[in-house]
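Residues per chain are reported as follows:
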Amino acid sequence: MLGFMAVSGIFGLRNLQELDFSVRLPDEIYCDIPAQLTIKLGSKRRLLPHYLLTLRLYGAEVDFPILRPGTVKEATVLVTFHKRGRGSITKAAVISPFPVNFFVRSNLFHLNAPYLVFPKPVPLHHRLADKDLKETGTTSQSRKGGSGETESIGVYTEAEPLKQIHWKLSARHDELLVKEMATESGKPVIIDLDMLHGGVEARLCNAAHLINSLIAEGKAVGLKIGEKIFTPGVSRSHRLKILGELANYAAD
């Protein structure tokens with residue numbers, strides 16, 4: 001019996017060796033909202049598979065029933081971060097009951113996977129006042145919509161209202177064509193964090209929601225946070241930059 005346990009212990013330990021692990025985090029993570037992480041577990045062996053592996057990472061688990069030699073398996077896990085700001089995942093564990101279920105053995109991976117958590121977007125519970133959003137400049141952006149001037153002609157997809165069908169052009173072609181309209185998104189705005197209501201965390205959450213919702217509408221958005229002022233923009237990199245400023249803002 002002791003010999004059997006010794007042999008099973010050796011096989012169990014070897015089952016957890018010669019593994020390679022990596023994790024990729026998204027560049028858009030929000031506090032208290034599950035984020036999808038991509039993990040890769042690989043075998044550095046030339047012979048013998050790994051069996052019954054479970055990877056534990058930041059409270060999440062994913063199973064790998066078999067990992068063949070020289071292969072890499074990819075999986076996704078949902079992880080929730082409960083604090084905004086910068087951090088790093090420094091370790092993950094792989095466990096296994098192999099070869100028999102007497103003992104569960106484990107091995108640690110040491111990591112350096114930095115991340116930045118944005119405030120959780122929370123809609124404002126009050127009507128937005130003029131002082132909360134400062135309109136700036138006269139530039140407006142146009143995007144496709146249902147009103148305004150004709151921006152282009154496109155093929156009818158059944159999603160457009162019948163009133164947008166360009167009947168004269170359609171009569172000259174073998175398919176229905178529609179007028180794609182442009183709508184004005186309005187003047188760029190700057191969100192002044194100090195002018196929002198509530199404590200610091202509440203204002204940060206409201207500002208995150210405003211940034212995402214207004215840029216999604218095509219409006220150029222800037223930010224005034226403390227002494228820093230960021231000019232309005234609509235690009236994804238600009239949005240992530242000003243959200244990052246909210247994430248790193250000092251707590252109460």
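A brief look at the structure comes next. Keep in mind that what you see is a predicted model, and the values were worked out from it rather than measured.

## A short note on the overall build of the chain
Here's step 1: Helix and strand counts for the chain come out as 4 helices and 14 strands.
Here's step 2: Within the chain, contacts between residues at least 6 apart in sequence are counted, and of these 66% link residues at least 24 apart.
Here's step 3: Working note: accessible area of the chain is about 14900 Å², and carbon and sulfur atoms make up 54% of it.

## Digging into the pairing of strand β4 (residues 50-57)
Here's step 1: Both β4 and strand β5 (residues 60-67) contribute to a ladder of 7 bridges, which runs antiparallel. Across the sheet, the residue bridging to His 50 is Leu 67, located in β5.
Here's step 2: Taken together, β4 and the strand that follows it, β5, pair antiparallel across an intervening segment of 2 residues, in which Tyr 58 is found at a positive phi of about 50 degrees.
Here's step 3: Of the pairings in the sheet, the one linking β4 to strand β7 (residues 85-96) comprises 3 bridges and is antiparallel in character. When the sheet's bridge partners are listed, Thr 54 is paired in β7 with Ile 95.

## A word on the sheet that holds β7
Here's step 1: Read across the sheet, 5 strands follow the order β2-β8-β7-β4-β5 without closing on themselves; strand pairing throughout is mixed. Edge positions in the open sheet fall to β2 (29-30) and β5, since each of these has one partner strand only.
Here's step 2: With 2 bridges joining them, β2 and strand β8 (residues 105-118) adopt parallel strand pairing. Across the sheet, the residue bridging to Tyr 30 is Phe 118, located in β8.
Here's step 3: Docked against the sheet, helix α4 (residues 236-247) engages β2, β7 and β8, running at close to 105 degrees with respect to β8.

## Digging into the sheet that holds strand β3 (residues 35-43)
Here's step 1: The strand order β1-β3-β6 describes an open sheet built from 3 strands, whose pairing is antiparallel. Lying at the two open borders of the sheet, with one neighbouring strand each, are β1 (19-24) and β6 (72-79). Going across the sheet, the axis of each strand differs from the next one's by a mean of 25 degrees, ignoring polarity.
Here's step 2: Examined bridge by bridge, β3 and β6 share 8 bridges and lie antiparallel to one another. What sits directly across from Gln 36, in β6, is Leu 78.

## Observations concerning the nonpolar core
Here's step 1: Formed by 30 residues in total, the largest nonpolar core has its most connected members in Phe 21, Leu 37, Ile 39, Leu 57 and Phe 81.
Here's step 2: Listing elements by their share of this core, those giving two or more residues are β1, β3, β4, β5, β6, β7 and β8.
Here's step 3: Broken down by element, the residue count for this core peaks at 5 residues, all from β8.
Here's step 4: If we ignore the near neighbours within four places in the chain, the residues touching Leu 57 are Phe 21, Val 23, Leu 37, Ile 39, Val 77, Val 79, Ile 89, Lys 91, Ala 92 and Leu 111.
Here's step 5: The next biggest cluster of nonpolar side chains, apart from the first, holds 25 residues, and it includes Tyr 30, Ile 211, Val 221 and Leu 240.

## Brief notes about helix α3 (residues 200-216)
Here's step 1: For α3, built from 17 residues, the straight-helix expectation of 24 Å at 1.5 Å per residue is met to within 8% by its first-to-last C-alpha distance of 24 Å.
Here's step 2: In terms of burial, α3 is a largely internal element, 12 of the 17 residues being buried.
Here's step 3: Positioned one or two residues after α3, Gly 218 has a phi angle of 95 degrees, which is positive.

## Thoughts on the packing of aromatic side chains
Here's step 1: Summed over all chains, the structure comprises 6 aromatic pairs.
Here's step 2: Note on Tyr 58 and Tyr 115: the rings are 6.5 Å apart at their centroids and 80 degrees apart in plane angle, and the pair reads as edge-to-face. Of this pair, Tyr 58 sits in the loop between β4 and β5 while Tyr 115 sits in strand β8; the two residues are 57 residues apart in sequence, bridging distant segments of the chain.
Here's step 3: Of the aromatic side chains, those joined through ring pairs into one cluster are Tyr 58, Phe 81 and Tyr 115.

The rules behind the values
- Residues numbered from 1 in each chain as written.
- Predicted model: local features only at pLDDT ≥ 70, side-chain atom pairs only at ≥ 80, totals over all residues.
- Heavy atoms only, no water.
- Helix = DSSP H or I, 4+ residues; strand = E, 2+ residues; numbered from the N terminus.
- Contact = heavy atoms within 4.5 Å.
- Areas by Shrake-Rupley, 256 points an atom, 1.4 Å probe, with all protein chains shown as cover.
- Pairing = 2+ DSSP bridges.
- Axes fitted to C-alpha atoms, helices over the stretch in contact; angles between N-to-C directions.
- Core = buried A, V, L, I, M, F, W, Y, C linked by side-chain atoms within 4.5 Å.
- Buried < 20%, exposed > 50% of the residue type's maximum accessible area, 1.4 Å probe, protein only.
- Expected span 1.5 Å × (residues − 1).
- Phe/Tyr/Trp six-rings, centres within 6.5 Å; stacked < 30°, edge-to-face > 60°.

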